[in-house]
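The lines below spell out each chain.
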Amino acid sequence: MPIQAVVFDIGGVLEITQPSSLARTWEPILDLRPGEMNSRLAEVAAAGAVGTISEQQAGQRIADILGLDAGQLRAFLADLWTEYLGTLNTDLAAYFAGLRPRYRTGIISNSFVGARHREQQRYGFTEMTDLIVYSHEVGMSKPDPRIYQLACDGLGVPAADMVFLDDLPENVAAARQAGLHAVLFQDTRQAIADIQALLDG
């Protein structure tokens, strides 16, 4: 069977993100040792990624753990979301949007509570694709094989007829193990060429 669907990751793929500077900015402000902020917030990050806490609860826990007042929390969250959202990979987004209607398209994103409305507001992903599977909404993250199956089910396409693009080797490997055609994103030109080769194959 020919390829029927193409599914992309968001962070590091559709969104261009830089190495995190949040800790470097805030650890000196809060008089924390290098690495201490991420260590303290690891539980909140994990819970927010699979939606076991709400966005409001996540903010409150961050404030409690780091000892932030209301103004500091607003500034911290503004920095967090600025870093999280990055900037749109416009060339890749245009290619992705242009795959419809010939192909069904989807997104699988390891996300955090609050991501959907922020990404929709900034980038309009729901108009770009047929399906978005956010980890915080479905309670599981890549490389869990079940999340790939959710995308297959949502698009009504068997794994063997789907192409998946991600920037993390472990997620690409898991997708291949789940039966998908998977491409490792290294740069935009390479990713488009590799996907198009599969579509033309």
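None of these values were measured; they are calculated from a predicted model.

A.B. asks: Outline the pattern of salt bridges, listing residues and values.
C.D. replies: As enumerated under the stated definition, the model contains eight salt bridges in all. As a salt-bridge pair, Glu55 and Arg118 come within 2.5 Å of each other at their nearest N and O atoms. Residue Glu55 is located in helix α3 (residues 55-66), and its partner Arg118 is located in helix α6 (residues 115-123); the two are separated by 63 residues in the primary sequence. What makes Glu55 partly exposed here is its relative accessible area of 29%.

A.B. asks: Describe the pairing of strand β6 (residues 162-166), listing the residues and the values that go with them.
C.D. replies: Among the five residues of β6, five are classified as buried, and the element is accordingly described as predominantly covered. Alternating positions in β6 separate into two faces, Met162, Phe164 and Asp166 on one and Val163 and Leu165 on the other, with burial throughout. Relative to β6, strand β1 (residues 5-8) is paired through four bridges, and the arrangement is parallel. When the bridges of β6 are listed, Ala5 appears paired with Met162. Looking at chain direction, β6 and strand β7 (residues 181-184) are connected through four bridges and run parallel. Within β7, the residue paired with Leu165 across the bridge is Val183. Following the chain from β6 across helix α10 (residues 169-177) to the adjacent parallel β7, one finds a crossover that is right-handed.

What counts and how
- Residues numbered from 1 in each chain as written.
- Predicted model: local features only at pLDDT ≥ 70, side-chain atom pairs only at ≥ 80, totals over all residues.
- Heavy atoms only, no water.
- Salt bridge = Lys/Arg side-chain N within 4 Å of Asp/Glu carboxyl O.
- Helix = DSSP H or I, 4+ residues; strand = E, 2+ residues; numbered from the N terminus.
- Buried < 20%, exposed > 50% of the residue type's maximum accessible area, 1.4 Å probe, protein only.
- Pairing = 2+ DSSP bridges.
- Right-handed = clockwise from strand over helix to strand, strands pointing away.

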